[in-house]
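Here's the letter readout for the chains.
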Amino acid sequence: MNHVLPNGDGTFQTRSSVIRPEENTGDQRYSCVVHHSSLEGNITVTWGKEETRFTLYVWITLGCIFIVTVVGLVIRCILKSKDAGI
């Protein structure tokens, strides 16, 4: 069913929804494709497992913290060995 509604400013809107089952959703991806004569090509938006991006940011943050900690310890050891040698 396609319900296209005018906005009053010469543009239009439509809305669709998908109900997905809660089980076995781990590997599913969804996409929305917009076809319109005013567009040179199609507009496609794909989404799926949102926690993948979050997990990536967590690992990047943890990696940065680890690197800063190691560099700090190396600098501390170098400064300590210079103080002991003086």
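All figures in this text were calculated on a predicted structure; none of them were measured in a lab.

A.B. asks: Which parts of the structure should I look at to understand the overall build of the protein chain?
C.D. replies: Helix and strand counts for the protein chain stand at 1 helix and 4 strands. Of all 86 residues assigned to the protein chain, the portion counted as buried reaches 1%. Considering only intrachain contacts with a sequence separation of at least 6, the fraction spanning at least 24 residues in the protein chain is 0%. Carbon and sulfur atoms provide 62% of the accessible area of the protein chain, an area that totals close to 8,500 Å².

A.B. asks: Help me understand a nonpolar patch on the surface, please; the structure alone is not making it clear to me.
C.D. replies: Together, Phe-66, Ile-67, Val-70, Val-71, Val-74, Ile-75, Ile-78 and Leu-79 make up an exposed nonpolar region whose accessible area comes to about 730 Å². Among the structural elements, Ile-67 can be located in helix α1 (residues 51-85).

A.B. asks: When you look at the UniProt feature "transmembrane region" (unreviewed entry) in the protein chain in this model, what are you seeing that I'm missing?
C.D. replies: UniProt feature "transmembrane region" (unreviewed entry): in the numbering of this structure it lies at residues 56-79. Here residues 56-79 runs as 100% helix and 0% strand, with 35 Å between its end C-alpha atoms.

A.B. asks: Explain the environment of Phe-12 to me, please; I cannot follow it from the model alone.
C.D. replies: Relative to the elements of secondary structure, Phe-12 occurs in strand β2 (residues 12-13). According to the relative accessible area criterion, Phe-12 is exposed, its value standing at 57%. Not counting residues within four places of it along the chain, the set of residues in contact with Phe-12 comprises Val-4, Leu-5, Pro-6 and Asn-7.

Rules used throughout
- Residues numbered from 1 in each chain as written.
- Predicted model: local features only at pLDDT ≥ 70, side-chain atom pairs only at ≥ 80, totals over all residues.
- Heavy atoms only, no water.
- Helix = DSSP H or I, 4+ residues; strand = E, 2+ residues; numbered from the N terminus.
- Buried < 20%, exposed > 50% of the residue type's maximum accessible area, 1.4 Å probe, protein only.
- Contact = heavy atoms within 4.5 Å.
- Areas by Shrake-Rupley, 256 points an atom, 1.4 Å probe, with all protein chains shown as cover.
- Patch = residues over 30% accessible without salt bridge, like charges linked within 9 Å, V, L, I, M, F, W, Y side chains within 5 Å.
- Salt bridge = Lys/Arg side-chain N within 4 Å of Asp/Glu carboxyl O.
- UniProt positions renumbered as here; feature names shortened; annotations may be inferred.

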